[in-house]
Amino acid sequence: MTAVMSGAANALLGRRGRNVPWHRSLARLVIIAAIAFVIVWVVVLASGTSAGSAVSAPSEFLKSILNALTISGIYFIVASGFTLVFGLMRTVQMAHGSLFLLAGYFALEYQLDFLGVTGTPDRGIVGWGDWWLPLVIGVVIVSGLGLFIQQVFLRWNQGQDLRQALITIAISIVLGDQMIQHFGGVAEPITLTHEIHGYVNFAGIRYGIHQLFVIGMALGVGGGLWLLLKKTRTGMVIRAGVDDTPMVQALGINVQKVFAVAFVLGSALAGLGGVIAGSSVTTLAPGVDGQWLLHSLVVVIIGGMGSLGGAAAGSLLYGLATALAPVYLPTDYAYYSIIATFVILALVLAVRPYGLFGRPA
Amino acid sequence: MILSRLRDRAGGAPAGGGTGSSDYSRNTRRLALILLVALALVGVFQGITPDPFRHYFVDVVLTRSLIFGVAAASIVFLSAFGGMISLAQTLMYGVCAFTIGNAVTTGGSKGLNLGWNPWVGVVLGIGVTTALGFLMGLLASRSSGLYYLMITLAYGVIGYYFFVQVTVLSGFGGVNQVRAPDFIGEPTDATNPERLFYSSLVVAVVVYLLLRYVSRTPFGLALQGVRDDPVRMNSLGYNVAMHRTWAFTLAAFVASLGGVLYVWEQRAIAPTAINLGGILNLLVMAIIGGVLVLEGAWLGAFIFVALENYVRNVVFLNNFIEESRFRTLIGAIVLVLVLACPDGVVGLRKVRGALPLALVGAAVWGVVGGLQEGDRGAIAGVIVGAVAGIGAAGLVGWLAGHRDTARGVWSKLLSTGRVPARN
């Protein structure tokens, strides 16, 4: 009986024959308890919240989950670019949020230019091309800027990673200030084409088609990246570079070219995320760059730097936290939802300092 | 390159250099210290004159430099002796200021309005911040290098959103009309404006001596061992994570002293003071001064605050840098320094030709600025001119190191189609 109980305890604590220090086991126990409590709370106990417990209000629960998936999708698009650059080059791209916002602003400017209007256009006049073309332009401009930053400022000091972080911080300060000057301080949205509009009804809830579209885009980006990294020669070289850059170089592969490709790809993903987010979940305003830099950071700290799977897991977890916390906290305390982000960060760091899928540098 | 050495330490590779800041020639550090003492003496002797420029220079520029310098010194302490770049120090002084604001204010529109004695608020603020620092330091203590930087940045930004969202404690507008102890006086009281300056000066000197002292205690020496080679220190029986945690806690304590002075100076604290911009401001001060020498914190803070106040008076540039474009200028200065002289102004002598060129630039720009814009133009000109000189020296050094590349580019531009053979 004692053996069974201690065996169960050890299995729960993840000991399995290894000699795990007691505080590690305690941390594991706390996390298991926390997860169990959150599930029980959401399913049964959450009656005093704006959503109500999942048992009593299943449609609210489903809606929150779908909202979480939408926001996770955009988190993933932006953070995958960030993690790709870090994984290959050990460069923390602190200007990632600036590129995100800049692409959004360029897309907005070109959309207004195409439509010949000032101010937010009516959704009805925004055709298919009036959204796609600005998106492509924004992404291309930002990719070019990313290439410029990498070639001029980062190429020759490769390997000095703190210095590179400081360089990109300086660039983000300049970019942020210039964006205020050129695009003003008023919050503006990009208008999504009217073809992606309306609602679908299923299981008793109304769900926006544009949210499904965002999820589809994220899946597309994830699938495309997976194909690129696993099935093409470029991807093979990038993965090899992540593991051992000097060896790749020794094999006669032009690593500088691979670095440039990866940096352009990372910048393009920031820009893509910026345009999609600016059309769906956020408006473009000063300060949004810092906000999305935080989102990228949290996702990769949770998921582990340089890992695509980690970015997916991290954005899913973070998206669930940001979407569920405001509606499942007691109504009077809903504004404490930012704590949820910190709690997730703390729990992950307590057991895995390099993130769920990360490895020490 | 000190930053690359930092990386090596963070990565656990055995460091080839000596023990941190002793690498610096004593001359450079002494020069920085003499400069700071001179500035402080300017404040002490000219604070009482009725001249409006000097009045402003002491009561605003020098006082704020001392206050931000205290907070920036906590970044420098962590990076110089612990090998950790922390971006959470802005949050730490913010937490202290918010605690004081909530505890001592009465009848304000925001915050808890507890209305306690200002000194109780100070003790509470420092206590809360230090405890939070211990907790956050513990969570991050198993990381190092870039991970540490990112985790602490996440702390800082999450903290900003916390104070924006939690309207009971602050809300977007922040807490206003925070009372300071009686001996500081009221901000509108024109008779004793230099009291805050003297208080800040005393705190700054105490912090400087404290951090220098700590770096020589057994704890400080072990911390430098942890910075240089965590694996070896671990196998020698030192608890690496706890050394990092206690260092972070001490840094939080120091930053909280900056928070106390900050809230006394501003009489208000709003989340915008600790947003990403505020976080980067403090880091920028540390970078300008050079993140590995304590004196650099106050020097960097002075350069930052002086430019912030006199940016309109920068001659040659004031046509296209208006007041609101201060951040572009400061970003460009940081870029120049990080590219050309990564050890900041304290490490000037490590870049060949930087010191004479910086002096020439400072003299030319300062004299022209002084002639055209008066005292403000002279101060701004000296700073911008020195940075321009450093940038020029860095560019020349880079070109000298890449002579072949430059020649290749040049010959391509001339479209001979052929790179000349190297001899």
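These numbers were taken from a predicted model, which means no experiment stands behind them. (Residues numbered from 1 in each chain as written. Chains lettered and ligands numbered in written order. Predicted model: local features only at pLDDT ≥ 70, side-chain atom pairs only at ≥ 80, totals over all residues. Heavy atoms only, no water.)

Caption draft 1: Summary view of the overall build of chain B. From N to C terminus, chain B includes 15 helices and zero strands. Every one of the 423 residues in chain B was classed for burial, and the buried ones make up 59%. Residue pairs at least 24 apart in sequence account for 75% of intrachain contacts in chain B once pairs closer than 6 positions are excluded. Surface summary for chain B: the accessible area is close to 17,300 Å², and the carbon and sulfur share equals 64%. (Helix = DSSP H or I, 4+ residues; strand = E, 2+ residues; numbered from the N terminus. Buried < 20%, exposed > 50% of the residue type's maximum accessible area, 1.4 Å probe, protein only. Contact = heavy atoms within 4.5 Å. Areas by Shrake-Rupley, 256 points an atom, 1.4 Å probe, with all protein chains shown as cover.)

Caption draft 2: Structural context of the pairing of strand E2 (residues 205-208) of chain A. Residue and element names in this part refer to chain A. As judged from the four bridges shared by strand E1 (residues 199-202) and E2, these two strands associate in the antiparallel manner. If you follow Asn201 over to E2, its bridge partner there is Arg206. Where E1 hands over to E2, the hairpin turn is made up of two residues, of which Ala203 adopts a positive phi near 50°. (Pairing = 2+ DSSP bridges.)

Caption draft 3: Spatial organisation of the domain arrangement of chain A. All names here are of chain A. Taken domain by domain, chain A consists of domain 1 (1-45) and domain 2 (59-351). One C-alpha centre belongs to domain 1, the other to domain 2; they are set 35 Å apart. Buried area between domain 1 and domain 2, both sides added, is near 570 Å², and the carbon and sulfur share of it is 84%. When the buried surface of domain 1 facing domain 2 is broken down by residue, Ile31, Trp41 and Val42 rank first, second and third, together holding 69% of it. The interface formed by domain 1 and domain 2 holds zero salt bridges in total. If you look at where domain 1 meets domain 2, you find one residue pair in polar contact (both at pLDDT 80 or more). In the side of domain 1 that touches domain 2, the residues fall into five nonpolar, no polar and one charged. (Domains from an automatic or database assignment. Buried area = accessible area lost by both parts, 1.4 Å probe. Salt bridge = Lys/Arg side-chain N within 4 Å of Asp/Glu carboxyl O. Polar contact = N/O pair within 3.5 Å; in protein donor to acceptor, adjacent residues only side chain to side chain. Nonpolar A, V, L, I, M, F, W, Y, C, P; charged D, E, K, R; others polar.)

Caption draft 4: Here's a closer look at the interface of chain A and chain B. Tallying the contact residues gives 49 residues for chain A and 47 residues for chain B. The interface formed by chain A and chain B includes zero salt bridges. Inspection of the region where chain A meets chain B yields four residue pairs in polar contact (both at pLDDT 80 or more). Those elements giving two or more residues to the side of chain A that touches chain B turn out to be helix H3 (58-89), helix H6 (161-183), helix H11 (288-303) and helix H13 (338-351) of chain A. Across the side of chain A that touches chain B, the residue classes tally to 34 nonpolar, nine polar and six charged.

Caption draft 5: The arrangement of the confidence of the model for chain B in detail. Residues and elements named next belong to chain B. Counting all residues, the mean pLDDT for chain B is 81, and 83% of those residues have values of 70 or more. Within the model, pLDDT remains below 50 along residues 1-22, and this stretch shows 46 contacts once partners closer than five positions in the same chain are excluded. Contacts from residues 416-420, a stretch scored under 50 in pLDDT, to residues over four places away or in other chains number six contacts. For this predicted complex, the interface score ipTM comes out at 0.85, alongside a pTM of 0.86. (pLDDT = per-residue confidence, 0-100.)

Caption draft 6: Molecular detail of H3(A). Residue and element names in this part refer to chain A. For H3, spanning 32 residues, the distance from its first C-alpha to its last is 45 Å, which sits close to the expected 46 Å at 1.5 Å a residue. Along H3, the sharpest kink reaches roughly 25°, centred on Ala79. Burial of H3 is extensive: 23 of the 32 residues sit out of reach of the surface. Just beyond H3, the residue with positive phi is Arg90, at close to 55°. (Expected span 1.5 Å × (residues − 1). Bend = angle between axes of the 7 residues up to and from the residue.)

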